[in-house]
Amino acid sequence: MSLIETLARMEAVAAGRAQPRCTVRHRHLAERPLVFVPLTTAGEVGAPLGALVGTDREKPALLAVPQPRDRDLRFAFLAELAETVLPYVDGFADAIEWEERKETDPETGKKVPVQVELCADAPQLIVPSAAGIEFVRLLGRSMRFRRTAEQEPEAPYPAPPHVPLLGRWLTHLGERARVPGASLLLPMTGLLTRHWATGQSVLEDQHLGALLAWIDPPPGTSGRAAAEYAESARDADGQLRCPPAGPATDPAFDNRLLAPAMARYDAGLPGAEEALRTLVEGQLRPTWDAVWQGIDLLRTLPAGARVPDRWKRDRWSYTAHRDRIRAGEPPQPKQDDAVTAAQKLSARETAQAQLDAQEALDDPLVMAGRRLAGEAFQGTVTAVEMAFSEGKRPMPRPLVTLRTADRPQLSGGGKLYRPLADGKTQTAEYVAAGEPGTLVVRLTGGMGRGKTPEPGSVPEPDDAVCWTLFEHAPRGGPELPDPEDTPWTHGGPPPGAADLPHPAPDPVTAEDFL
Amino acid sequence: MTAIQDPYPSTDGPFDPAAAAAAATDAILRDTLHGTRRGVVVDSPPGAGKSTLVVRAARELAAAGRPLMVVAQTNAQVDDLVLRLAEKDPQLPVGRLHSSEPGAFDPALAELPAVRTSAKIADLAGLDIVVSTAAKWAYTKVDEPWRHAIVDEAYQMRSDALLSVAGLFERALFVGDPGQLDPFSVVGAEQWAGLAYDPSSSAVSTLLAHNPDLPQHRLPVSWRLPASAAPLVSAAFYPYTRFRSGTGHGDRRLAFGVPGDGSGVDRVLDEAAESGWGLLELPARHTPRTDPEAVRAVAHVVRRLLDRGGATTSEAHGAAEGAAPAPAPLTAGRIAVGTAHRDQAAAVRAALAELGVTGVAVDTANRLQGREFDVTVVLHPLSGRPDATAFHLETGRLCVLASRHRHACIVVCRAGVADLLDEHPATEPVQLGVTVKFPDGWEANHAVLAHLAEHRVTWRP
């Protein structure tokens with residue numbers, strides 16, 4: 001945990017309510033997000049118990065499985081889920097913009113500009129917590145390899161239509177959620193902890209009810225008391241007043257309410273199914289409301305200046321997957337091959353570096369944390385001395401002295417970066433410490449090509465400037481070989497799609513779809 | 001799998017470190033030059049002559065008319081290798097491929113007549129040996145792959161880095177130290193845990209997972225670590241692949257011209273001079289990472305090392321054999337301070353500057369990897385912590401910090417680390433298919449602490 005976050009948490013304890021960690025919102029929040037609150041059955045992996053799903057906070061669709069161990073009912077649930085989620089996901093596929101992109105021409109091998117489609121907006125799914133994201137991935141994995149009657153008329157037990165398609169979309173969203181800063185699928189606890197620091201531990205922050213209690217306690221209550229209530233208060237029947245945000249349910253609910261209700265359903269008693277649905281909705285509804293309360297809280301923050309840039313990448317990701325599905329490509333493989341895994345890791349590391357830089361540039365409070373960690377410094381210019389580089393064509397390399405109380409971890413020749421008003425970045429290098437409390441920095445770029453710097457590109461005395469030790473637009477990693485050129489060190493090329501219909505499944509389990 | 005060379009031949013008789021090391025080196029060169037397999041893996045404990053082996057293998061390959069590429073992990077390592085190659089054979093044509101940024105390589109290389117530096121591989125065509133970092137090689141394209149490559153520090157190279165350069169060569173010698181810090185990723189990579197080609201694992205794990213029958217060798221003798229340190233480092237960090245020190249007890253000596261003043265700092269210096277290890281134990285306390293008392297204590301230890309006129313005597317070698325080895329003064333350049341975090345290193349640097357000490361290398365374990373000093377002062381990674389996280393427990397971190405010295409290592413630590421370890425057993429999730437590394441950090445930390453406890457000096461600043 002960074003020093004500034006520790007400080008914010010201690011302040012939250014002292015103040016009795018959560019403290020802001022940001023001054024702007026660092027994640028895209030769709031105008032019409034799809035909220036998905038799932039519940040799962042204890043003791044059986046991948047057996048959904050029910051869900052509230054929808055884009056209208058007043059009218060969520062309730063899906064419930066009266067007997068989760070009955071696989072027909074499970075598929076009915078998944079089919080219903082597909083009918084609710086897919087129209088929303090597909091609803092962004094046709095409104096497009098045109099973007100120019102450089103592609104390698106297969107004949108000439110040259111890079112040529114081509115016009116490509118980019119969806120104007122993309123779907124956004126919000127689940128209550130990180131466990132909800134895992135559940136989305138699990139659902140995706142369990143569905144995407146299923147075959148419908150249309151795809152394989154001969155096979156027994158066909159999946160209902162659209163179920164495999166939903167599996168592919170959920171897999172895509174779950175995979176995209178691993179990219180730092182991506183916003184196609186977001187957990188509400190993650191969103192809230194990014195923007196507020198509570199007075200409890202990181203682990204306790206995973207409880208959506210307790211987290212919201214710290215951020216927005218009821219009037220007259222301290223965050224701590226409200227969080228304790230949300231975590232542990234039970235009614236006369238021993239049921240939690242604030243049910244867990246799922247997908248796991250509270251054992252007291254399972255044992256005392258759910259099990260008897262299921263037994264009544266199994267016995268075929270009239271009205272048992274309706275009673276079960278009411279029961280499941282009672283567990284889901286508080287979480288549903290909590291997610292929307294979180295959305296309201298996040299909407300009070302203005303979006304950071306670079307958030308649309310990152311959302312555009314999400315739109316690219318959505319568009320690319322739309323194209324793969326339209327082209328009839330097979331579902332995502334069970335495991336990545338060596339090259340894909342390396343590509344994903346590299347892309348995520350780049351995304352993490354970009355996210356860290358962009359959040360700091362968008363938000364003085366985040367930048368303050370970086371300054372406190374010695375990764376940036378802010379100060380007032382006290383002197384500017386003109387100097388030139390040596391060489392055939394001397395270029396301006398002015399020396400800027402600034403007064404600062406920050407203590408950056410600098411060493412001679414260290415590279416520095418400063419955002420300019422036009423959005424570009426000016427590079428500089430650290431020269432030496434001047435008098436106590438001052439630093440000398442040599443500008444090395446961002447002054448145009450001429451012998452005299454462009455006006456406004458060199459700071460003047462009394463200007464307040466902020467330099468960072470980290471790059472503002474870090475580059476991605478090197479190009480990797482094509483999967484068919486995987487070298488011998490990594491097992492050689494993966495078996496081609498033509499060789500096997502599926503990569504050999506788990507040899508021990510005959511039916512291995514999870 | 002080819003049998004790993006045993007450093008303890010079963011025949012009785014005195015252990016001859018030079019002969020054992022030479023036998024291992026010969027076997028490695030035989031497999032490299034005349035073997036039929038595409039790869040050879042060499043495990044080298046700290047200071048076992050890894051760089052010497054790389055230089056020798058490169059020269060022999062070049063002498064056999066087989067041009068090769070060398071992959072190292074950092075620019076400093078590449079520059080160091082080129083300098084060593086030129087020192088051994090000033091006429092050997094060596095290319096140093098570097099990035100196009102200014103100051104990308106050591107200016108000393110420009111002085112070497114047979115060394116050519118360039119940012120473009122085409123400029124280096126036809127040279128016997130071309131050396132560069134993995135990062136630069138990854139952006140390099142060649143029409144025809146090299147027939148040979150040497151990959152240095154292969155355990156610190158990530159699997160995905162090897163993936164992007166492996167197409168450049170047909171066969172390779174992989175050299176590295178398995179006990180040092182594993183490569184890491186700033187983002188989660190759990191989804192690939194257990195896959196043979198997990199991109200966040202080390203290059204050697206991926207290589208051996210796909211080619212389990214490659215010949216594996218081991219260098220059996222550490223020339224850096226003194227006789228006082230090799231048994232502990234070997235037992236704590238390499239329990240199944242033991243190594244010995246190349247020198248015996250009494251071959252190395254650390255002495256001070258100025259007698260101690262009886263303070264805790266001076267007593268720990270005397271203990272370290274005597275036994276090779278010293279533990280300066282401060283009172284138990286939970287502190288921030290940059291514990292001001294511990295940082296000051298580290299700085300004082302360094303100050304006293306210099307003030308007391310330390311002198312090191314090493315075993316005789318080369319031309320001086322037979323003659324009594326002369327003591328060399330312990331200068332600031334021969335001392336290093338190792339920490340776990342960068343902010344701790346920065347705090348120690350500031351404290352040293354206040355005491356007027358300059359020229360001492362102060363850095364994190366990651367950056368001290370591969371370097372060698374006479375005396376090291378270590379701020380224990382778990383000192384003053386309320387918890388023992390995976391980062392602080394990592395075996396490689398402690399191993400790097402405890403194995404940089406030729407003479408003595410002084411650890412500064414708050415009391416109570418043993419209790420902390422007992423209260424925080426490892427809680428990392430078990431991943432299926434992942435080779436469990438032995439020893440784990442918990443075990444290794446206890447082993448080192450137990451040994452250090454015998455050289456403990458308690459001090460209340």
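Sequence order sets the numbering: in each chain, residues are counted from 1 along the sequence as written. Going through the entries in the order they are written, you letter the chains from A and number the ligands from 1. Where local features are concerned, this predicted model is filtered to residues with pLDDT of at least 70; where side-chain atom pairs are given and counted, the filter is 80 or more; whole-chain, interface and lining totals use all residues.

**A short note on the overall build of chain B**
Put simply, the rule is: Numbering of helices and strands starts at the N terminus; helices are DSSP runs of H or I of at least 4 residues and strands are runs of E of at least 2. In this description the radius of gyration comes from C-alpha coordinates, and the expected globular size is given by 2.2 Å times residues to the power 0.38. Whether a residue is buried, exposed or partly exposed is read from the other C-beta atoms within 10 Å of its own C-beta, which are placed from the backbone; 20 or more gives buried, 12 or fewer gives exposed, and intermediate counts give partly exposed. Here, residues touch in the contact sense if the C-beta positions derived from the backbone fall within 7 Å of one another.
Scanning chain B from N- to C-terminus turns up 15 helices and 19 strands. What you see for chain B is a C-alpha radius of gyration of 22 Å, in line with the 23 Å of a compact globule of 461 residues. By its C-alpha atoms, chain B is 65 × 55 × 55 Å across when sized along the principal axes. A buried classification covers 50% of the 461 residues belonging to chain B. Residue pairs at least 24 apart in sequence account for 76% of intrachain contacts in chain B once pairs closer than 6 positions are excluded.

**What to know about unusual backbone geometry**
The linkage connecting A:Gly246 with the following residue, A:Pro247, adopts the cis geometry, with an omega of 0°. By the element assignment, A:Pro247 lies in the loop between helix H7 (223–232) and helix H8 (251–266). Even without being a glycine, A:His162 presents a positive backbone phi close to 75°. Looking at where A:His162 falls in the secondary structure, it is placed in the loop between helix H3 (130–143) and helix H4 (163–176). Despite not being glycine, B:Glu153 shows a phi value in the positive range, around 50°. Inspection of the secondary structure assignment puts B:Glu153 in the loop between strand E6 (146–151) and helix H5 (159–165).

**Observations regarding the nonpolar core**
Filter applied, for reference: Each nonpolar core comprises buried Ala, Val, Leu, Ile, Met, Phe, Trp, Tyr and Cys residues, the members being joined through C-beta atoms within 7 Å.
B:Ala58, B:Ile150, B:Phe174, B:Val298, B:Val301, B:Val302 and B:Val412 are the most contacted members of the largest nonpolar core, which has 139 residues in total. The element best represented in this core is helix H9 (residues 292–307) of chain B, accounting for eight residues. Contact partners of B:Val298, with chain neighbours within four places excluded, come to B:Val337, B:Val348, B:Val377, B:Leu379 and B:Val412. If you look at the next biggest cluster of nonpolar residues, it comprises 74 residues, including A:Phe36, A:Ala245, A:Met262 and A:Leu298.

**Things to note about the interface of chain B and chain A**
If you look at the interface, chain B gives 25 residues, while chain A gives 23 residues. Secondary-structure elements contributing two or more residues to the side of chain B that touches chain A are H5, helix H6 (203–210) and helix H10 (342–354) of chain B. Per-element tally for the side of chain B that touches chain A: the top contributor is H5(B), with four residues.

**Notes on the packing of helix H2 (residues 50–63) of chain B against helix H3 (residues 75–88) of chain B**
Residues and elements named next belong to chain B. For the record, the criterion: Fitted lines through C-alpha atoms serve as axes, helices being fitted only where they are in contact, and the angles separating the N-to-C directions of these axes extend from 0 to 180 degrees. By definition in this entry, angles of less than 35 degrees are roughly parallel, angles greater than 145 are roughly antiparallel, angles of 65 to 115 are roughly perpendicular, and the rest are oblique. Working rule for handedness: look at the near helix, and if it is turned counterclockwise from the far one by less than a right angle, call the crossing left-handed; if clockwise, right-handed. Gly is placed with the polar residues, together with every amino acid not listed as nonpolar (Ala, Val, Leu, Ile, Met, Phe, Trp, Tyr, Cys and Pro) or charged (Asp, Glu, Lys and Arg).
As a packed pair, H2 and H3 sit with axes 10 Å apart at the nearest point and diverge in direction by 60°. As judged from the angle between their axes, H2 and H3 are oblique. The crossing of H2 and H3 is right-handed. Contacts between H2 and H3 pair Ser51, Val54, Val55, Ala58 and Arg59 from the former with Leu81, Arg84, Leu85 and Lys88 from the latter. Partitioned by chemical class, the residues of the contact of H2 with H3 number five nonpolar, one polar and three charged.

**Here's the deal with the sheet that holds strand E13 (residues 310–313) of chain B**
Remark on secondary structure: sheet strands pair via backbone hydrogen bonds, oriented parallel or antiparallel. Residues and elements named next belong to chain B. Defined as follows: Pairing between strands is defined by DSSP: at least two bridges between the two strands are required.
With antiparallel pairing, the three strands of this open sheet are ordered in space as E11-E13-E14. Edge positions in the sheet fall to strand E11 (253–256) and strand E14 (328–329), since each has one partner strand and no second. Sheet analysis places E13 next to E14, joined by two bridges and oriented antiparallel. Its bridge partner being in E14, Thr312 is matched across the sheet by Ala328.

**Quick notes on the sheet that holds strand E4 (residues 61–64) of chain A**
Residue and element names in this part refer to chain A. Spatially, five strands are ordered E4-E3-E2-E7-E8 in an open sheet, and the strand pairing comes out mixed. Looking at strand neighbours, the two that pair on one side only are E4 and strand E8 (185–187), the edges of this open sheet. For this sheet, the mean inter-axis angle between neighbouring strands, taken without regard to orientation, is 20°. Note: strand E7 (residues 125–127) against E8, three bridges, orientation parallel. Note on E8: the bridge partner recorded for Ile126 is Leu186.

**Brief notes about the pairing of E4(A)**
The two faces of the sheet receive side chains in turn, since in a regular strand these alternate between them. All names here are of chain A. Summarising the sheet, strand E3 (residues 48–54) and E4 pair through four bridges and their orientation is antiparallel. In the sheet register, Gly50 faces E4, and the bridge partner there is Ala64. As consecutive antiparallel partners, E3 and E4 are separated by six residues.

**Some words on H4(A)**
Residues and elements named next belong to chain A. Defined as follows: Between the first and last residue of a helix there are one fewer steps than residues, each counted as 1.5 Å, and that sum is the expected span.
Across its 14 residues, H4 extends 20 Å between first and last C-alpha, which sits within 8% of the 20 Å expected from 1.5 Å per residue. In terms of residue burial, H4 counts as a mostly covered element, since 12 of its 14 residues are buried. Every buried residue belonging to H4 is among Val163, Pro164, Leu166, Gly167, Arg168, Trp169, Leu170, Thr171, His172, Leu173, Gly174 and Glu175, and all of these are buried. Taken together, the buried residues of H4 touch helix H2 (71–90), E7, H3, E8 and helix H10 (307–326).

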